[in-house]
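Observations on chain architecture
Spelled out, the chains give:
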Amino acid sequence: MFWYDEFPARLQFELDELENAGFAVVIDPERRAAGQLVLTVIYPIADAEHPLMVVFPSDYPYFAFQVFAPTLALAKHQDPVSKLLCFVAHIDSEWNMAADTVAKYLLEQLPEVLKADKGDPSVAEAREGAPVTGFLNYMTDSLVVTSDWALPPENGRGKLVIGVENDVDLNNLFRCAILEVRDMNGDVLGQSDLSIQARYPSRFHARWVRLAGPPKSTEPLRVLDEAIKIWPELLKPNFNGEPDVVGLVFADQARFEEQHDIWLFLVRRRFRVSVPVKTGRRLPPGDQIQYFLARADRGSRDDLQTRVPRLKPAAEKVVSVFGLGALGSTVAWQLARAGIGRLNLIDHDFVQAGNIPRWIMGWAAAGYGKADVLARHITHNYPFVETLAIPLKVGSPMDVKSPVGDYESRMARALEGTDLIIDCTVEFTVQNFLADYAWKHGIPYLWATGTPGAWGGIVGRAIRGKTLGCWKCFRHQLFEKKIDAPVFEEGPTVQPIGCFSPTFTGSGFDMDSVALQTVRMAVATLCVGAEHGYPDFDWDVGVVNLWKDGHPIAPSWQTCPLEQHPACDAHG
């Protein structure tokens, strides 16, 4: 049932309000019969009458209508492509289905839009930019990664070095990155980060030109015509096994009342399609050229950090994560999202298919070493995070066939230059060793554990010179019940067929509560003393209960500072 059949009174109310306001209204009968209500409303501006097209969504009045003004060309608050008018900044959150009507928006909001277009300072505008590139139609899944270059305005044209990932055919899927922007003499005006360059090893060359402003059309051929008027040589495409690419740069309102260079890419792609078998000839190359716009997206370090400014100090830090199971794999992934400078990933085990319910990666990771496959995943998806995979079981003698000193060498690599040790092994002997090593060498040590059933867990840290106590102090206090232990599910462990050792039962999403607090504590620890960094916690040990009496509950944390225990021998 269509909304106007389900709510006929609402439709009549809309029409009455428009009539009372003096607007002439026509309902499109064909669209109404097809299930969509579209109105044409005549709106007078000065001495002219402008037809507005009002389109109602299928689920009206839960969601707002849209108003298109095809005869208007506003510089502000109008989509230059579809001619959609923007009445409020965030219509999805500001729409009031009980009070808002078409008539109300035309009487109250549209005059404000028209005044804002003329620069009237009395209009309260949303403080946000609206670059034209947000309204264009792009080739599906296309992407060209750019950076935060500041090109000299006097440079109006030049050359591009474009990088492509291995095994990517741009004639099928157009995804690449601009590695260098050069002037006509070949001098570099801007280049991408070395981490981005490493991701795109294949290279080819293209051209770029500066437009006087945003393109006047959204049609690729007309956009190309604008560029050709500035640089006539662009008329002839350069096909050298790759598509011909023309980078268009122009100043636009990237932020509220701020002009910045914006990129857009026009692509000419040639297809060689055979004509009927009888002739065996190919059509002339010009007959198979496809023109399209490719989306540009800035991907520099600063662009990423703009969204998370408090994490910027962590970009220079090194973190060693020991144990990459249910907790450690999630911790490592979240640290990569946070933009840690380098992750040392240490685990001897490999991924089994049965790990999937609690592991951060899925089926495709099965059979690979946990450290290796996680490092590859992070490197591929977070190019500014350096990774070092170290297959190692802490404390276990190396195979007799291994070179002498191999274990020591791997441990040295795991700990070299680290700013923080995160222990997710949930193994007492490893915790004892790493905690002692960290305390002696003045390295912050953070540990995370989960309980059987994933009913609870512990996150704690020990930092010599900051926390009064150490990990051994924590163990004394836990044994004496000065710190409450988290709840756990009673019962035996399970050993799935094919698994080499028993394991606990419990869900990955329950364990994520522990992993996420581990990451918050880690980032806070790394940012201590950094101006505008992620603030520190006022506690060092947190115990969380996720279940109670056999039922899940909201995470319940008990926290405390880590105090020195009088029986601890680490403080002599």
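Residues numbered from 1 in each chain as written. Predicted model: local features only at pLDDT ≥ 70, side-chain atom pairs only at ≥ 80, totals over all residues. Heavy atoms only, no water.

A short note on the sheet that holds strand β21 (residues 551-560)
Pairing is mixed in the open sheet, where eight strands are placed in the order β16-β15-β14-β17-β18-β19-β20-β21. Of all strands in the sheet, those bounded by a partner on one side alone are β16 (386-390) and β21. The sheet shows a mean angle of 15° between the axes of neighbouring strands, taken without regard to direction. Looking at chain direction, strand β15 (residues 342-346) and β16 are connected through five bridges and run parallel. Bridge pairing links L343 to T387 in β16. Where helix α10 (residues 370-381) meets the sheet, its contacts fall on β15 and β16, and the angle it forms with β16 comes to roughly 170°. (Pairing = 2+ DSSP bridges. Helix = DSSP H or I, 4+ residues; strand = E, 2+ residues; numbered from the N terminus. Axes fitted to C-alpha atoms, helices over the stretch in contact; angles between N-to-C directions. Contact = heavy atoms within 4.5 Å.)

Some thoughts on empty space enclosed by the protein
On inspection of all chains with the given rule, the structure shows two cavities of 30 Å³ or more. Here the largest cavity is characterised by a volume of approximately 90 Å³. Lining the largest cavity are 14 residues, and of these A435, D436, W439, C470 and W471 lie nearest its centre. Counting residues per element, the ones that place at least two in the lining of the largest cavity are α12 (428-441) and α13 (471-479). In terms of residue count, the dominant contributor to the lining of the largest cavity is α12 (five residues). By volume, the second largest cavity is sized at about 30 Å³. Forming the walls of the second largest cavity are V145, T146, S147, S192, D193, I196, G299, S300 and F384. The residue makeup of the lining of the second largest cavity, split by class, is three nonpolar, five polar and one charged. (1 Å grid on protein atoms, 1.4 Å probe; cavity = no way out; pocket = protein on both sides within 12 Å on 5 of 7 lines; lining within 4 Å. Points joined across faces, edges and corners; volume = space filled by probe spheres on them. Nonpolar A, V, L, I, M, F, W, Y, C, P; charged D, E, K, R; others polar.)

Some thoughts on the pairing of strand β3 (residues 48-55)
Here eight bridges tie strand β2 (residues 38-45) to β3, and the two strands are oriented antiparallel to one another. Note on β3: the bridge partner recorded for I45 is A48. Bridge analysis of β3 against strand β4 (residues 66-68) gives three bridges, and the strand direction is antiparallel. Bridging from a neighbouring strand, V54 pairs with V67 of β4.

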